[in-house]
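Now for the letters of each chain:
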Amino acid sequence: MTVLDRFLRYVTFDTQSSEETGTTPSTPGQRVFAEELARELEAIGMEEISLDGNCYLMATLPANTEEKLPTIGFIAHLDTSPDMSGKGVNPRIVRYEGGDIRLDEKGTVILSPSKFPELKDYEGQEIIVTDGSTLLGADDKGGVAAIVASMQYLKEHPEIKHGKIRIAFTPDEEIGQGADHFDVEKFGCDWAYTIDGGQIGELEYENFNAAAAKVIFSGLNVHPGYAKDKMRNASLRAVEFASWLPADERPEHTSGYEGFFHLTGMTGSVEEASLSYIIRDHDRALFEEKKELLRTLVDRMNEKYPGCARVELRDQYYNMREIVEPRKHIVNLAFEAMEAVGVKPLVKPIRGGTDGARLSFMGLPCPNIFAGGLNFHGRYEFLPVRSLQKSMETVVKIVELSTNHKS
């Protein structure tokens, strides 16, 4: 079975995660998919296959040499984004020759280079698209397919000598819980790679430092006809507070290494209102400054309107560069592997986070490598077939080249 065959099959499993259930995995479809993967891994000859109660699937490709080599791992996630349905995914392969692609039968959902200029980079290639009613699921079933197909390839080509290889498939990455129950000690690797990146060539070992904040405002409600000098409108206080944050530090005005405050949700009445933010910055010092600014503005609000506001603030994850950079050979190995299979590496910071960031701080250095998809989390998602194939080839080449890194 080819990597393409596997991908087309995997996207038929509905594994959309949910923030509402409070369970692990958050949806039953992820376990159904994991159980099927476990059977496939057994069929191709993987060993030490384990699927635990939290739906973490691990397996081993044993070393085929007595040479002492490092144990390396490859990780992808089972779930797809809650942002759009992953049920009844109907993938279609088209040879892209330019112009618009009509995704649905009525021709009302159009994948167009006028809106998605990156489409032009894949003229003359076969790409996998949706039927316009669901996401595709390349994030991260492209990564799952690349890992499983590469393990099958290595089993069929014993002339490629390697040390012990570990693979893992995790639940609930899309809701930020993919590393919550990951057993790093059980995985037992010197280092690993998440196969969870986007366009071909992506190689990432820097990500945002991340925090979540909720600012809660208290008010006082009385009949509006008799409200003079009495009413304190919590919603208006929230609007005023939001205006104090720097407008040029919003996601729509930032790129590259620039951080931001992102207002992700708001609720409001006269009695109580709240603003939910995520705070991001690659630089740890600037990240701490952003959190401190939020606290300072809450204090300012309370000086103006005593007892009006409070903030709940929690860190989510940190920049994996702190952990990975001292072991830069991990990144260099992936860089070399991409070049060896004809892919130009695109080393850039992630304007987001991956399970690899949290795993790095849990003791498992874990850069991120492309799976090939674009326009994740929506109906315009697509995956070039060549990019998927090259993701698989990159995994194989990393394994092959790792023999140069003695344990």
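Structure: above.
These remarks concern the structure in this document. No experiment lies behind these values; they were computed from the predicted model shown.

We now examine the sheet that holds strand β16 (residues 368-370). The strands that make up a sheet pair up through hydrogen bonds in the backbone, lying either parallel or antiparallel. Strand order in the open sheet formed by eight strands is β1-β2-β8-β3-β9-β16-β10-β15, and the pairing between neighbours is mixed. Two strands bound the open sheet, and with one partner strand each, they are β1 (47-51) and β15 (346-347). As paired elements, strand β3 (residues 72-77) and strand β8 (residues 165-170) share six bridges and run parallel to each other. Directly across from Gly73, in β8, lies its bridge partner Arg166. Each of β1, β2 (57-61) and β8 is contacted by helix α2 (residues 28-43), which is oriented at about 170° to β1, the strand it contacts most. Contacts between helix α8 (residues 329-340) and the sheet are confined to β9 (191-197), β10 (202-204), β15 and β16, with β9 contributing the most and set at about 50° to the helix.

Phe74, Met151, Phe169 and Tyr193 are the most contacted members of the largest nonpolar core, which has 80 residues in total. Top contributing element to this core by residue count: helix α3 (residues 138-156), with nine residues. Among all residues touching Tyr193, those that are not within four sequence positions of it are Gly73, Phe74, Ile75, Ile330, Leu333, Ala334, Cys366, Pro367, Ile369 and Ile398. Core analysis: the next-biggest nonpolar cluster, separate from the first, contains 22 residues, Ala234, Ala273, Cys308 and Ala309 among them.

In this section: the sheet that holds strand β12 (residues 260-268). One open sheet holds the four strands; their spatial order is β12-β13-β11-β14, and the pairing between them is antiparallel. The two strands at the open ends of the sheet, each matched to only one other strand, are β12 and β14 (309-317). Looking at each pair of strands side by side, their axes are set apart by 15° on average, direction ignored. Note: β12 against strand β13 (residues 272-281), eight bridges, orientation antiparallel. Bridge pairing in β13 places His262 opposite Ile278. Along the sheet, helix α5 (residues 234-244) makes contact with β11 (209-218), β12 and β13, crossing β13 at roughly 20°. Packing against the sheet, helix α6 (residues 284-304) makes contact with β11, β12, β13 and β14, and its axis sits at approximately 165° to β14.

Quick look at the side chain of Thr71 now. With respect to the helices and strands, the residue Thr71 is situated in the loop between β2 and β3. Not counting residues up to four positions away in its chain, the partners in contact with Thr71 are Lys164, Arg166, Gly188, Cys189, Asp190 and Trp191.

This part is about the environment of Phe261. Checked against the element boundaries, Phe261 lands in strand β12. Taking the C-alpha atoms as reference points, Phe261 and Ala179, 82 residues apart in sequence, are found 24 Å from one another. Setting aside residues no more than four positions away along its own chain, Phe261 makes contact with Leu245, Pro246, Glu249, Arg250, Pro251, Tyr277, Ile278, Ile279, Lys290, Leu293 and Leu294.

Once that is clear, we can look at the environment of Cys308. The topology assignment puts Cys308 in the loop between α6 and β14. We classify Cys308 as buried; its relative accessible area is 4%.

The next thing to look at is the packing of α2 against α3. In contact at an axis separation of 12 Å, α2 and α3 are set at 15° when each is read in the N-to-C sense. Compared by their axis directions, α2 and α3 come out roughly parallel. Read as a crossing pair, α2 and α3 show a hand that is right-handed. Within the contact between the two elements, α2 uses Phe33, Leu37, Glu40 and Leu41 and α3 uses Lys141, Val144 and Val148. When grouped by side-chain class, the residues that make up the contact of α2 with α3 number five nonpolar, no polar and two charged.

Moving on, we come to the pairing of β9. Counted residue by residue, β9 has seven buried out of seven residues, so it is predominantly covered. Pairing between β3 and β9: four bridges, direction parallel. Pairing of Ile72 across the sheet is with Trp191, part of β9. Two strands pair when backbone bridges link them, and β9 and β16 are joined in this way by three bridges, in the parallel orientation. Across the sheet, Gly197 pairs through a bridge with Phe370, a residue of β16.

Quick notes on the rules
Residues numbered from 1 in each chain as written. Predicted model: local features only at pLDDT ≥ 70, side-chain atom pairs only at ≥ 80, totals over all residues. Heavy atoms only, no water. Pairing = 2+ DSSP bridges. Helix = DSSP H or I, 4+ residues; strand = E, 2+ residues; numbered from the N terminus. Contact = heavy atoms within 4.5 Å. Axes fitted to C-alpha atoms, helices over the stretch in contact; angles between N-to-C directions. Core = buried A, V, L, I, M, F, W, Y, C linked by side-chain atoms within 4.5 Å. Buried < 20%, exposed > 50% of the residue type's maximum accessible area, 1.4 Å probe, protein only. Parallel < 35°, antiparallel > 145°, perpendicular 65-115°, else oblique. Left-handed = near helix turned anticlockwise from the far one by under 90°. Nonpolar A, V, L, I, M, F, W, Y, C, P; charged D, E, K, R; others polar.

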